Amino acid sequence: MSSQIRYQDGAADDATNSRQYLTFVLAGEEYGVDILKVREIRSWETPTLLPNTAEYILGVINLRGTVVPIVDLRRRFSLECREFGKTTVIVVVRVKVGDKERTVGLIVDAVSEVYSVRHESVRAAPELGGAISTDYVTGLATVDGKMIILLDVDRLVDSGIMQNVAEGG
Amino acid sequence: MQDDGGGLNVSAILEKARENMLISADEELTEAEIHDLIFQAGFTTAPGISAVSGRGVGMDVVRRNINDLGGSVSVASVPGQGSTFTIKLPLTLAILDAQLARVGTQIVVIPVLNIIESVQVKPGMVNHIAGESEVYRFRDEYIPVIRLHEAFGIAPLVTNLEQGLMIIVDAGHQKAALFVEDMVGQQQVVIKSLETNFRAVQGLIGATVLGDGAIAIIVDIPGLLQMCGAKKQRAPAPLAVNAR
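1. Let's talk about helix 1 (residues 10–19) of chain B
All names here are of chain B.
Okay, step 1: Buried within helix 1 we find Val 10, Ile 13, Leu 14 and Ala 17. One side of helix 1 carries all its buried residues, which in axial view fall inside an arc of 95 degrees. Exposed residues on helix 1 whose side chains face more than 90 degrees from its buried face are Glu 15 and Glu 19.
Okay, step 2: As for helix 1, its buried residues are in contact with helix 2 (31–36).

Here is the structure:
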């Protein structure tokens, strides 16, 4: 096996049966997203407001000439809103919605770590209802005794964020 | 694009690449091939991880994006003198003649094509219908006043009509007076679609990037008039009186 191919496929390493996740903090909980979906991490900047969009769409930012929508994950998950602080960052992810690729920024309290999570340590998320649907929670993993909520960003962005929220304004 | 620093550290890149098994230990590479390694996914020579760097997400994304646009990127480096990144991009742009106006702290772009004129409001020029809807007397017709900050939900700095400006716009079959706080200037802007990464938004053609890097939204005048008409049910219908 060529070492180069192995590296490009790094997030799903069959040899160790694990996957790499970037984790971030949101209201004290740690969430993980597949690191191959993450394109960059940007410091907080005030987005340009967009009218007629859902309240958790804070607006758009200029990402090197591309217009990228910004989602406040706290509002998306119906968490208590907080002032944006020093550690507040925008995690820019590239997601697949339908057959199109889109770039979306997610506002989180802070980025945390990159973990290799072994497949066997991932547990299915219980059906809880509420704002965080199990549709986009792929599972719960335990790393160093901490629980990490693993998110499927493709589905998270697809459910609600891209849909036409403002019916007739 | 050029820097003035130390250039790419060839030995550090080579060492890191061997460590990560991107290349085998005994493989010999030319200098150009070594420079090319920085475009590999997950490659970093940063010793630690900070909030924004060190994860190896960077140059590979740069190359992928440029390739997606049909362009190319390459790097040449001389130790002690610096690195030169050469980016080639195709030219495909949609350009619009635009009037920039300020609403609150945001800049809003209005297509010049739709503008008839802009006026400063004097007392008595704006009347109210049923105490709520505002109409502006433009030559010999009454046209609705649309306060852009209300239509777009932007926090205004000024709400008194006399302290701002009215831009009279024509959407073909209908006119309206848009209330803005200030005129900023006229320029040509490049239209960026919101659908690329998001979806179409009612009342907007798209967005553009201004000279200072800020994003401004471009107003779709017919769409805005339709939106405000539907919201307030402001049917002017002056002929209905005669018909009765």
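2. Quick look at the confidence of the model for chain B
Residues and elements named next belong to chain B.
Okay, step 1: Residues of chain B with pLDDT of at least 70 account for 82%, and the chain-wide mean is 78.
Okay, step 2: Predicted confidence for residues 233–244 stays below pLDDT 50, and this span has seven contacts to residues more than four positions away or in other chains.
Okay, step 3: Interface confidence for the predicted complex, given as ipTM, is 0.71, next to a pTM of 0.63.

3. As for the pairing of strand 13 (residues 215–219) of chain B
On any regular strand, side chains alternate: one points to one face of the sheet, the next to the other face.
All names here are of chain B.
Okay, step 1: When you tally the buried positions in strand 13, you get five out of five residues, the bulk of the element.
Okay, step 2: Across two bridges, strand 4 (residues 106–111) lies against strand 13 in parallel orientation. Paired with Val 109 across the bridge in strand 13 is Ile 218.
Okay, step 3: With five bridges connecting them, strand 12 (residues 204–209) and strand 13 associate as antiparallel partners. Of the residues in strand 13, the one forming a bridge with Leu 204 is Val 219.
Okay, step 4: From the end of strand 12 to the start of strand 13, which pair antiparallel, there are five residues, and Gly 213 there has a positive phi angle of about 90 degrees.

4. What to know about the sheet that holds strand 11 (residues 182–190) of chain B
All names here are of chain B.
Okay, step 1: Reading across the sheet, the five strands line up as 11-3-4-13-12 and stay open at both edges, with mixed pairing between neighbours. In this open sheet, the two edge strands, each paired with only one partner strand, are strand 11 and strand 12. Across the sheet, the mean angle from the axis of one strand to that of its neighbour is 35 degrees, orientation sign disregarded.
Okay, step 2: In this structure, strand 3 (residues 95–103) lies alongside strand 11, joined through eight bridges in antiparallel fashion. Residue Ala 98 lies in a different strand from strand 11, and its bridge partner there is Gln 187.

5. Some points on the packing of aromatic side chains
Working definition: an aromatic ring pair is given by the centre-to-centre distance plus the angle between the planes.
Okay, step 1: Applying the stated rule across the entire model yields four aromatic pairs over all chains.
Okay, step 2: One aromatic cluster in this structure is built from Phe 24, Tyr 31, Phe 77 and Tyr 136 of chain A.
Okay, step 3: When the ring centre of Tyr 56 of chain A is taken as origin, the NZ or CZ atom of Arg 76 of chain A, which lies over that ring, is 5.1 Å away.
Okay, step 4: Arg 147 of chain B extends its terminal NZ or CZ atom over the ring of Phe 179 of chain B, reaching a point 5.6 Å from the ring centre.

6. With respect to unusual backbone geometry
Residues and elements named next belong to chain A.
Okay, step 1: With phi around 50 degrees, Arg 64 is a residue other than glycine that occupies positive phi space.
Okay, step 2: Position of Arg 64 relative to the elements: it lies in the loop between strand 5 (57–63) and strand 6 (66–72).
Okay, step 3: Of the residues examined, Arg 64 reaches a relative accessible area of 58% and is grouped as exposed.
Okay, step 4: In this model, Asp 144 sits at a positive phi of 50 degrees, which is unusual for a non-glycine residue.
Okay, step 5: If you trace the backbone, Asp 144 turns up in the loop between strand 11 (137–143) and strand 12 (146–151).

What counts, and where the lines are drawn
Residues numbered from 1 in each chain as written. Chains lettered and ligands numbered in written order. Predicted model: local features only at pLDDT ≥ 70, side-chain atom pairs only at ≥ 80, totals over all residues. Heavy atoms only, no water. Buried < 20%, exposed > 50% of the residue type's maximum accessible area, 1.4 Å probe, protein only. Helix = DSSP H or I, 4+ residues; strand = E, 2+ residues; numbered from the N terminus. Arc of directions from axis to C-beta. Contact = heavy atoms within 4.5 Å. pLDDT = per-residue confidence, 0-100. Pairing = 2+ DSSP bridges. Axes fitted to C-alpha atoms, helices over the stretch in contact; angles between N-to-C directions. Phe/Tyr/Trp six-rings, centres within 6.5 Å; stacked < 30°, edge-to-face > 60°. Lys NZ or Arg CZ within 6 Å of the ring centre and 35° of its normal.

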